[in-house]
Amino acid sequence: GLRSASVRRRLVDELGAYAVIRGSAGKGSRSRFVRERGWEEWSRTLGQRARWFGDRVTRRSQREARSVRHQLPALCEAMARDLRGGVSISAALWSSAAVCTGPLADDIGRVRRSVSSGTGLVDGLNAWLAWRPLPELAAVVAAARVGLEVGGELAPAFDACGAALRDRLEVDDEVKALTSQSRAS
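A brief structural summary. (Residues numbered from 1 in each chain as written. Predicted model: local features only at pLDDT ≥ 70, side-chain atom pairs only at ≥ 80, totals over all residues. Heavy atoms only, no water.)

The subject of this paragraph is the environment of Val146. In this fold, Val146 is placed in helix H7 (residues 135-149). On a C-alpha basis, the gap between Val146 and Ala157 in space is 9.7 Å, while along the polypeptide they are eleven residues apart. (Helix = DSSP H or I, 4+ residues; strand = E, 2+ residues; numbered from the N terminus.)

Here is the structure:
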């Protein structure tokens, strides 16, 4: 249990930093808390706060994913426009980032830093898909990978991808509206 010193030290190391972040630990407050209430109460309190923090992180990642999903059609259309102008896929991706805000712009910046540090664009796109596993993003990355590996006219592919993503968002919004109406009545 919590009686062994190594278990207590590990608990303090793993969860103590969280208490400091949340503002519940000041100078000497951990030792005072443990003296007054015991290690079991300390671990229970920190466990509850860790669950709260985990829920908050999950909500934030869901919000970011929703933001990325809603901006991907505009990104695809901007890339198609740039590709019709004769630029490369990477240049189209970098210049199309101007239409993006928030997490999508951050993601493209991360891919760009990865590529400029020596990683290939395909590997950078695969890494992007690994840290943001969205089916909509998988379609965009697949279109870019096909263009990089096979070549050919890519503007129509990105136009079709953008249109499909926009249609999917409209259907999802319609389903949300219909289900909320049925719950309200």
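A grouping of Arg59, Arg63, Arg66 and Lys176 is seen on the molecular surface, where their side chains present a positively charged patch. A total of three residues in the positive patch trace back to one element, the largest contributor, which is helix H3 (residues 39-84). Along the chain, the position of Arg66 falls in helix H3. (Patch = residues over 30% accessible without salt bridge, like charges linked within 9 Å, V, L, I, M, F, W, Y side chains within 5 Å. Areas by Shrake-Rupley, 256 points an atom, 1.4 Å probe, with all protein chains shown as cover. Salt bridge = Lys/Arg side-chain N within 4 Å of Asp/Glu carboxyl O. Lys, Arg positive; Asp, Glu negative; His and termini not counted. Charge placed at Lys NZ, Arg CZ, Asp CG, Glu CD.)

Next up on the list: the pattern of salt bridges. Under the counting rule described, the total for this entry stands at six salt bridges. Linking Glu136 and Arg69 is a salt bridge whose minimum nitrogen-to-oxygen distance equals 3.3 Å. Residue Glu136 is located in helix H7, and its partner Arg69 is located in helix H3; the two are separated by 67 residues in the primary sequence. Glu136 gets classed as buried once you look at its relative accessible area, which sits at 5%. Here Glu136 ties to Arg168 by a salt bridge, and the two come within 3.6 Å at their closest N and O atoms. Of this pair, Glu136 sits in helix H7 while Arg168 sits in helix H8 (residues 155-184), and the two are 32 residues apart along the sequence. (Buried < 20%, exposed > 50% of the residue type's maximum accessible area, 1.4 Å probe, protein only.)

Time to look at helix H6 (residues 121-131). For an α-helix the count is 3.6 residues per turn, leaving residues at separations of three or four pointing the same way. Residues of H6 that are buried include every one of Leu121, Gly124, Leu125 and Trp128, and no others. End-on, the buried residues of H6 take up no more than an arc of 100°, which puts them together on one face. (Arc of directions from axis to C-beta.)

This part covers H7. With 15 residues, H7 extends 21 Å between its outermost C-alpha atoms, agreeing within 8% with the 21 Å of an ideal straight helix rising 1.5 Å per residue. One or two positions beyond H7, positive phi appears at Gly151, with a value near 90°. (Expected span 1.5 Å × (residues − 1).)

Here the focus is the packing of aromatic side chains. For the structure on display, the rule yields zero aromatic pairs. Over the ring of Trp131 we find Arg110; its NZ or CZ atom is 3.7 Å from the centre of that ring. (Phe/Tyr/Trp six-rings, centres within 6.5 Å; stacked < 30°, edge-to-face > 60°. Lys NZ or Arg CZ within 6 Å of the ring centre and 35° of its normal.)

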